[in-house]
Amino acid sequence: AVVSTQSTGNEANIPNFYSLHSWLGLTTLSILYLQALAGFGIFQDLVSGANREIRAAYKPWHVVAGVCLIAFAACTITTGIQEKYGFVQPKKYSAHAYAYNFLGLSIFLWLATVIYILLAVEKREPEGYETLTGGAPVNTYNTE
């Protein structure tokens, strides 16, 4: 996506990284790649010695990075919609203007719902989960 965007912008003589949308997109991709690299390295035993204590210490940072990733993605999408709205310049009070606004609001409602589910809903383990892990306590949440 980044290569395609850069080549299209270069063909149209549009400067690279001139808008908030482009910088948010670059930040979002950076968070995504760092999150994937750290998550696979620690949670998939790619780093030797990544025991339970290291995983438990990293887990809150992993959750925060995931929430930031979702928030940055929503902000990138809405700034892209706003940028496209500026290029198209629909008439005031037209159906296009309402569609852009509705889409932007829908994205932020989706964001609020996802963050609520991630942070506020009690985490539960399926029945028989402890037998799969050999009875070892793998849950770092308070189960009371």
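Just so we're clear, the structure is a prediction, and the values are computed from it rather than from any experiment. (Residues numbered from 1 in each chain as written. Predicted model: local features only at pLDDT ≥ 70, side-chain atom pairs only at ≥ 80, totals over all residues. Heavy atoms only, no water.)

Of regular secondary structure, the protein possesses five helices and zero strands. When the elements of the protein are put in sequence order from the N terminus, they spell out α-α-α-α-α. Within the protein, buried positions represent 23% of all 144 residues. For the protein, the accessible surface area stands at approximately 10800 Å², while carbon and sulfur atoms represent 66% of it. (Helix = DSSP H or I, 4+ residues; strand = E, 2+ residues; numbered from the N terminus. Buried < 20%, exposed > 50% of the residue type's maximum accessible area, 1.4 Å probe, protein only. Areas by Shrake-Rupley, 256 points an atom, 1.4 Å probe, with all protein chains shown as cover.)

For the protein, the average pLDDT comes to 79, and 75% of its residues sit at 70 or higher. Per-residue pLDDT, averaged within each element of the protein, yields its smallest value for helix α5 (residues 129-132) (51) and its largest for helix α4 (residues 95-120) (90). (pLDDT = per-residue confidence, 0-100.)

Turning our eyes to something else, we now look at the environment of Thr78. Structurally, Thr78 is set in helix α3 (residues 52-88). As for Thr78 and Leu103, which are separated by 25 residues in sequence, their C-alpha atoms are 8.3 Å apart. The contact partners of Thr78, leaving out residues within four places of it in the chain, are Gly104, Ile107 and Phe108. (Contact = heavy atoms within 4.5 Å.)

This part covers the environment of Thr28. Here Thr28 is to be found in helix α2 (residues 20-43). Taking C-alpha positions, Thr28 is 5.6 Å from Phe72, a pair spaced 44 residues apart along the chain. In contact with Thr28, other than residues within four places in its own chain, are Leu69, Phe72, Ala73 and Thr76. Within the structure, Thr28 has its side chain in polar contact with the backbone oxygen of Leu24 (distance 2.7 Å). Of the polar contacts made by the side chain of Thr28, one reaches the side chain of Thr76; its length is 3.1 Å. (Polar contact = N/O pair within 3.5 Å; in protein donor to acceptor, adjacent residues only side chain to side chain.)

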